[in-house]
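Commentary on secondary and tertiary structure
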Amino acid sequence: MSKVSVVLVGCGAPLRSMGWYHATQLMNDKKEISARLDFIVEPWFMSDAGKSSPGYTEFAEFQKEVEATHGIKFFSDVEEIPPVEGDNMKRLAIISARTSDNPALFDACLGIGCHAIFLEKPGAPSVAELKHMQESAKKLGVEVFMGFNKNVSKYSEKAREYASANAGTKVTFYHHNNYVNSPESLGECFERNAEGMLKNMAIHELALAVSFYNVSVDTIASVEEDREYSRIQTLPGPSGMDFTDFSKLKFTITTKNGDEVSIAADRCGGDDSIGLVTDKAGKELVRYTMPDSEDSATIEDAEKMIPGAMPYFYVQDPDYCKLKQRVAQAIASGASAEGVATIDVAVETLRVAEYLTPTLMKQLM
């Protein structure tokens, strides 16, 4: 079996950035991820402009520590990464950068001999850009996996299994974040995630709809908003510019063949995600949550080991480990990565997000 060498592209600020959390999991032997983190590329903090920005001091301390304790090498550009050593070594790039930077970083990763790429959601700012990335990877025979961790989450699997075994039931996937419900907090969120809720936060639930409910732009028969639940706001971000987005959103998609799934997202709803199964009248039959009681010890250990990080890192810790482990095993063995979404799923998911955003904005305005 081949060994897997990881290039992490986009570390970001410790305690706040998903790239940094990927690094901490890969360096933790207790996580048993069958891959070795060898290189970190951080274009922003290793640039002249980045060295005077908030978070740089913490990043520099992190860099110094892991260079000394793990021998990981840091670079400012993907092109600086040395060639793959040995025929038995497979290179995996994990791209966890700003969405707008992903297309260029993706092309650069293809140029350094990556055998596979793990791409964080939504993958690219637009469908056209993501399709170009898809085609470029396909020409080189490079597999592209997506960071849609909810595709492998226990709560979503259990909700789908229960509904499948009980005719006439309906599933709603709830996604909650824990931003403070204030103009300042939500304005910062809107600016940092300027692609919008459906391309960012709720993209995970759209990936579930595409992967398991036959949802695509071509198969959607109707989209029904929940006006009472949903809210659109226009708020100034830290830059002073105004951003309009959903702070809460709930809707139901029905496909042309009768498949139905509901999605709800709340920026200020807490830390959990829920798979709720109801009967035809809307009566709750069962709910499954992430995290659940089985995950509590793992989450508690993660928080004790690295206190002060974004709360959702701890909540998603078990699923992100599972995702990276399945990807690493698939690359090493040549087998498929069970349940892991590919860039093909991501392209259709982004198409659905681009279709739904103006549709739901119009319905709710």
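In what follows, the structure referred to is the one given above.
Our subject in this report is the structure included herewith. On a predicted model such as this, the values are computed, not experimentally measured, just so you know. Note on numbering: residues in each chain are counted from 1, in written sequence order. Local features are withheld for residues below a pLDDT of 70 in this predicted model, meaning they are given only at 70 or higher, and side-chain atom pairs are given and counted only at 80 or more; totals for whole chains, interfaces and linings count all residues. Remark: hydrogens and water are excluded; side-chain values derive from all non-hydrogen atoms of the structure.

Comments concerning the sheet that holds strand 4 (residues 89-95)
The test is simple: Strands are treated as partners if at least two bridges between them are detected by DSSP. Here a helix means four or more residues in a row that DSSP labels H or I, a strand means two or more in a row labelled E, and each is numbered from the N terminus. Here an angle of 0 to 180 degrees is reported between the N-to-C directions of two axes, which are lines fitted to C-alpha atoms, with helices fitted over the stretch in contact. The contact criterion used is simple: two residues touch if any of their non-hydrogen atoms lie within 4.5 Å.
Spatially, the 6 strands line up as an open sheet ordered 3-2-1-4-5-6, and their pairing is parallel. Since the sheet does not close on itself, it has two edges, and those belong to strand 3 (73-75) and strand 6 (143-146), each with one partner. With direction set aside, neighbouring strand axes in the sheet form an average angle of 25 degrees. Two strands pair when backbone bridges link them, and strand 1 (residues 3-9) and strand 4 are joined in this way by 7 bridges, in the parallel orientation. The partner of serine 5 across the bridge, within strand 4, is arginine 91. Across the sheet, helix 2 (residues 56-70) lies against strand 2 (36-41) and strand 3, angled at about 145 degrees from strand 3, the strand it touches most.

Structural notes on helix 5 (residues 154-165)
The α-helix advances 3.6 residues per turn, and as a result positions three or four apart in sequence lie on the same side. Rule in force here: Expected helix span is given by 1.5 Å per residue-to-residue step, counting one fewer step than there are residues. Whether a residue is buried, partly exposed or exposed follows from its accessible area with a 1.4 Å probe, protein chains only, as a fraction of its type maximum: under 20%, in between, or over 50%, in that order. In this description, the arc belongs to the directions extending from the helix axis to the C-beta atoms.
Over its 12 residues, helix 5 runs 16 Å from end to end, which matches the ideal 16 Å to within 8%, given 1.5 Å per residue. What helix 5 keeps buried is the set Tyr155, Ser156, Ala159, Arg160 and Ala163. Down the axis, helix 5 shows its buried residues gathered within 130 degrees of arc, on one side only. Pointing more than 90 degrees away from the buried face of helix 5 are the exposed residues Glu161, Ser164 and Ala165. Contact partners of the buried residues in helix 5: strand 7 (170-176), helix 7 (203-212), strand 12 (273-278) and strand 13 (284-290).

Brief notes about the packing of helix 3 (residues 102-110) against helix 4 (residues 127-140)
Where we set the bar: The labels follow the angle: roughly parallel below 35 degrees, roughly antiparallel above 145, roughly perpendicular from 65 to 115, and oblique for the rest. Residue classes follow a fixed rule: Ala, Val, Leu, Ile, Met, Phe, Trp, Tyr, Cys and Pro count as nonpolar, while Asp, Glu, Lys and Arg count as charged, and any other residue, Gly among them, counts as polar.
Put simply, helix 3 and helix 4 touch, their axes get as near as 10 Å, and they point 5 degrees apart. Judged on the interaxial angle alone, helix 4 and helix 3 are roughly parallel. Each of Asn102, Pro103, Phe106, Asp107 and Leu110 in helix 3 lies in contact with helix 4, whose residues at this interface are Glu129, His132, Met133, Ser136, Ala137 and Leu140. Here the residues of the contact of helix 3 with helix 4 are counted per class, giving 6 nonpolar, 3 polar and 2 charged.

Quick notes on the pairing of strand 7
Consecutive side chains of a regular strand alternate in pointing toward one face of the sheet and then the other. For strand 7, the buried fraction is high: 6 of the 7 residues fall into the buried class. Direction of pairing for strand 7 relative to strand 12: antiparallel, over a ladder of 6 bridges. Its bridge partner lying in strand 12, lysine 170 is registered against threonine 278. Pairing analysis gives 5 bridges linking strand 7 to strand 11 (residues 260-266), with the strands arranged parallel. Across the sheet, histidine 176 pairs through a bridge with aspartate 266, a residue of strand 11.

With respect to the packing of helix 5 against helix 7
Each pair of packed helices can be described by the angle between their axes along with the distance between the axes. Our working rule: Each crossing gets its hand from how the near helix is turned against the far one by less than a right angle, where anticlockwise is left-handed and clockwise is right-handed.
Running from amino to carboxyl end, helix 5 crosses helix 7 at an angle of 40 degrees, the nearest separation of the two axes being 13 Å. It follows that helix 5 is oblique to helix 7 by the angle criterion. As helix 5 runs across helix 7, the sense of the crossing is right-handed. Contacts from Tyr155, Ser156 and Arg160 in helix 5 reach Glu205, Leu208 and Phe212 in helix 7. Its residues assigned to classes, the contact of helix 5 with helix 7 shows 3 nonpolar, 1 polar and 2 charged.

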